[in-house]
Amino acid sequence: MKLPLIISCLILAGCQSTPYAMIDGSQSKISDADNYNVEIIAIDGAFQSGKLTKNIKPGYHTVHLSTTGPLRSRKATSTLVYPLFAKECMRYVVTAQHGPGNKDDWEIKVLDERLIPACTPSPVEPEVAVVIPDYAKPTGDISCLAKEQLTNQTTPLVLLHSVAACIKSQDYNSAINGYFLAGAYAYFDSLRVTHKPSHAVVDLIKKDSIWTLSALEQQNFEQKLAEYLASEQKQQTCEWVKTIGAPDYTAQYMLQHLPKDGVPQNTDISADIKATLFNATLNDYLGCSSLQA
């Protein structure tokens, strides 16, 4: 007598099923001879035996993908890491994009992300409107700033909006450089502005810049950033940040983010203390432990 209930549950596809997400490596572009399916080798360290599709729990995952395309060299890398923040009821279509003429060089390419019709998301709680104060907004439009345009007077406010513009234009090298410097300078400012509630302004700036990007744009950048961090280029960026030096501006964006009863702070610090804080930024935040500021 329970069969009709089971059938009706399947038809309606809404009997309190747990929301999930999906990685789909089986839909490479037929029109692109250098685009191939990918096999899922591991998720969060758990072996997956080379499946092309896999349901996963929503949230952050580290996914190892292997190309099904031809690799002629024994030294060629067949597996890459895909950092994924999976949203409920979303299918992420990922492929292997090889170099022209099926060269051994390849990268993970996200072709699409779309809703899974049979998946029922969790009830959505009403969002609380976030008001971005004027001191956390740029005074005008900010375009993608190249590495050569960045100085120790470029604030995290400008940097983060520049990063968003770079990601939109797919200038990932400029985006990574700006992101590194923005993180370093925001961390440095949090060391010299000791009032912890003031540090929350950084998240407000992110909400008004890089967090306004689509999930696909953010994930493409996160993938490029993960590859960059795992390469020797990170050390070069550490050297570059050290060369630019400690911030040479007053952290007004952070100083103004005080409660009504907040006590104004003096951020004038000696050269020795400034050097100590910048060294801590390089070592503790960026992980440039081999450098000496």
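Residues numbered from 1 in each chain as written. Predicted model: local features only at pLDDT ≥ 70, side-chain atom pairs only at ≥ 80, totals over all residues. Heavy atoms only, no water.

Trainee: Go over the overall build of the chain with me, naming the residues and quoting the values.
Mentor: Along its length, the chain carries 8 helices and 9 strands. Burial status across the chain gives 40% buried among its 293 residues. Across the chain, the fraction of contacts at a sequence separation of at least 24, relative to all contacts at a separation of at least 6, is 70%. (Helix = DSSP H or I, 4+ residues; strand = E, 2+ residues; numbered from the N terminus. Buried < 20%, exposed > 50% of the residue type's maximum accessible area, 1.4 Å probe, protein only. Contact = heavy atoms within 4.5 Å.)

Trainee: An account of the nonpolar core is needed here, citing residue identities and associated values.
Mentor: Of all hydrophobic cores here, the largest spans 46 residues; its most connected members are Leu181, Tyr185, Val241 and Tyr253. Every element with two or more residues in this core is listed here: α2 (156-168), α3 (172-192), α4 (201-207), α5 (215-229), α6 (233-244), α7 (252-255) and α8 (271-285). The biggest single contributor to this core is α3, with 10 residues. Among all residues touching Tyr253, those that are not within four sequence positions of it are Tyr135, Pro156, Tyr185, Ala186, Asp189, Val201, Val202 and Ile205. By size, the runner-up hydrophobic cluster in this structure holds 20 residues, among which are Leu65, Leu80, Leu84 and Ile108. (Core = buried A, V, L, I, M, F, W, Y, C linked by side-chain atoms within 4.5 Å.)

Trainee: I'd like to hear about the sheet that holds strand β7 (residues 79-86), residue by residue, with values.
Mentor: Read across the open sheet, the 4 strands follow the order β4-β3-β6-β7; overall the sheet is antiparallel. Of all strands in the sheet, those with a lone pairing partner are β4 (46-51) and β7, marking the two edges. Averaged over all adjacent pairs, the angle separating strand axes in this sheet is 30°, with direction ignored. Relative to strand β6 (residues 59-67), strand β3 (residues 38-43) runs antiparallel, the two sharing 5 bridges. Bridge pairing in β6 links Val38 to Thr67. (Pairing = 2+ DSSP bridges. Axes fitted to C-alpha atoms, helices over the stretch in contact; angles between N-to-C directions.)

Trainee: I'd like a description of the packing of α2 against α3, backed by residues and values.
Mentor: Contact geometry of α2 with α3 gives a least axis separation of 8 Å together with a crossing angle of 160°. What the angle tells us is that α2 and α3 run roughly antiparallel. Relative to α3, α2 is oriented so that their crossing is left-handed. Residues Pro156, Leu159, Leu160, Val163, Cys166 and Ile167 of α2 lie in contact with α3, whose contacting residues are Tyr172, Ser174, Ala175, Gly178, Tyr179, Leu181, Ala182, Tyr185, Ala186 and Asp189. The residue inventory of the contact of α2 with α3, partitioned by class, reads 13 nonpolar, 2 polar and 1 charged. (Parallel < 35°, antiparallel > 145°, perpendicular 65-115°, else oblique. Left-handed = near helix turned anticlockwise from the far one by under 90°. Nonpolar A, V, L, I, M, F, W, Y, C, P; charged D, E, K, R; others polar.)

It is worth stressing that arrangement in space is one thing and function is another; only the former is reported here.
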